[in-house]
Amino acid sequence: MPAKSKAQQMAAGATLSAKRGERKKSSLKGASREMVDSMSEKELHDLAATKQKGKPAHVSHD
């Protein structure tokens, strides 16, 4: 599943690094903190690997 926005892609990258132990989980904020327990490493990798070109900065919650 590709990321829908740059913010989602960056949050997934931060969460993935925390899940791998490269970053402290306590340093996560917002959506990243929620993703760490609810998503697998593969799902996070898929989101984080999404290219940012052409993506909006944020997507509204409609």
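The structure we're discussing is the one just above.
The following paragraphs examine the structure supplied in this document. (Residues numbered from 1 in each chain as written. Predicted model: local features only at pLDDT ≥ 70, side-chain atom pairs only at ≥ 80, totals over all residues. Heavy atoms only, no water.)

### Some remarks on the environment of Ala-11
Now for step 1: Mapped onto the fold, Ala-11 is located in helix H1 (residues 6-19).
Now for step 2: A sequence separation of 25 residues divides Ala-11 from Val-36, and the C-alpha atoms of the two residues are 10 Å apart.
Now for step 3: The residues contacting Ala-11, other than those within four sequence positions of it, are Ser-32 and Met-35. (Helix = DSSP H or I, 4+ residues; strand = E, 2+ residues; numbered from the N terminus. Contact = heavy atoms within 4.5 Å.)

### Some remarks on the packing of H1 against helix H3 (residues 41-48)
Now for step 1: Between H1 and H3, the least distance of the axes is 8 Å, while the angle of their chain directions is 140 degrees. Of the possible angle classes, the one that applies to H1 and H3 is oblique. The handedness of the crossing between H1 and H3 comes out as left-handed. Together, Gln-8, Gln-9, Ala-12, Gly-13, Thr-15, Leu-16 and Lys-19 of H1 and Glu-41, Leu-44, His-45, Leu-47 and Ala-48 of H3 make up the contact between the two elements. (Axes fitted to C-alpha atoms, helices over the stretch in contact; angles between N-to-C directions. Parallel < 35°, antiparallel > 145°, perpendicular 65-115°, else oblique. Left-handed = near helix turned anticlockwise from the far one by under 90°.)

### With respect to the nonpolar core
Now for step 1: Of all hydrophobic cores here, the largest spans nine residues; its members are Ala-3, Ala-11, Ala-12, Leu-16, Met-35, Met-39, Leu-44, Leu-47 and Ala-48.
Now for step 2: Counting residues per element, the ones that place at least two in this core are H1 and H3.
Now for step 3: Those residues in contact with Leu-47, other than ones at most four positions away along the chain, are Met-1, Pro-2, Ala-3, Gln-8, Gln-9, Ala-12 and Met-39. (Core = buried A, V, L, I, M, F, W, Y, C linked by side-chain atoms within 4.5 Å. Buried < 20%, exposed > 50% of the residue type's maximum accessible area, 1.4 Å probe, protein only.)

### Some words on the layout of surface pockets
Now for step 1: Taken as a whole, the largest pocket holds about 290 Å³ of empty space.
Now for step 2: Counting residues per element, the ones that place at least two in the lining of the largest pocket are H1 and helix H2 (31-38).
Now for step 3: A class-by-class count of the residues in the lining of the largest pocket yields five nonpolar, seven polar and two charged. (1 Å grid on protein atoms, 1.4 Å probe; cavity = no way out; pocket = protein on both sides within 12 Å on 5 of 7 lines; lining within 4 Å. Points joined across faces, edges and corners; volume = space filled by probe spheres on them. Nonpolar A, V, L, I, M, F, W, Y, C, P; charged D, E, K, R; others polar.)

### As for the environment of Ala-48
Now for step 1: Mapped onto the fold, Ala-48 is located in helix H3.
Now for step 2: On the accessibility criterion, Ala-48 (18% relative accessible area) is buried.
Now for step 3: Separated by 33 residues in sequence, Ala-48 and Thr-15 have C-alpha atoms that sit 9.1 Å apart.
Now for step 4: In this structure Ala-48 touches Gln-9, Ala-12, Gly-13 and Leu-16, once residues within four positions along its chain are discounted.

### Observations concerning H1
Now for step 1: The end-to-end C-alpha distance of H1, which contains 14 residues, comes to 20 Å, matching closely the 20 Å that a straight helix rising 1.5 Å per residue would cover.
Now for step 2: Buried within H1 are the following residues: Gln-9, Ala-11, Ala-12, Ala-14, Thr-15, Leu-16, Ser-17 and Ala-18.
Now for step 3: Close packing links the buried residues of H1 with H2 and H3.
Now for step 4: Two residues or fewer after H1 comes Gly-21, characterised by a positive phi angle close to 90 degrees. (Expected span 1.5 Å × (residues − 1).)

Purely geometric numbers; function is a separate question.
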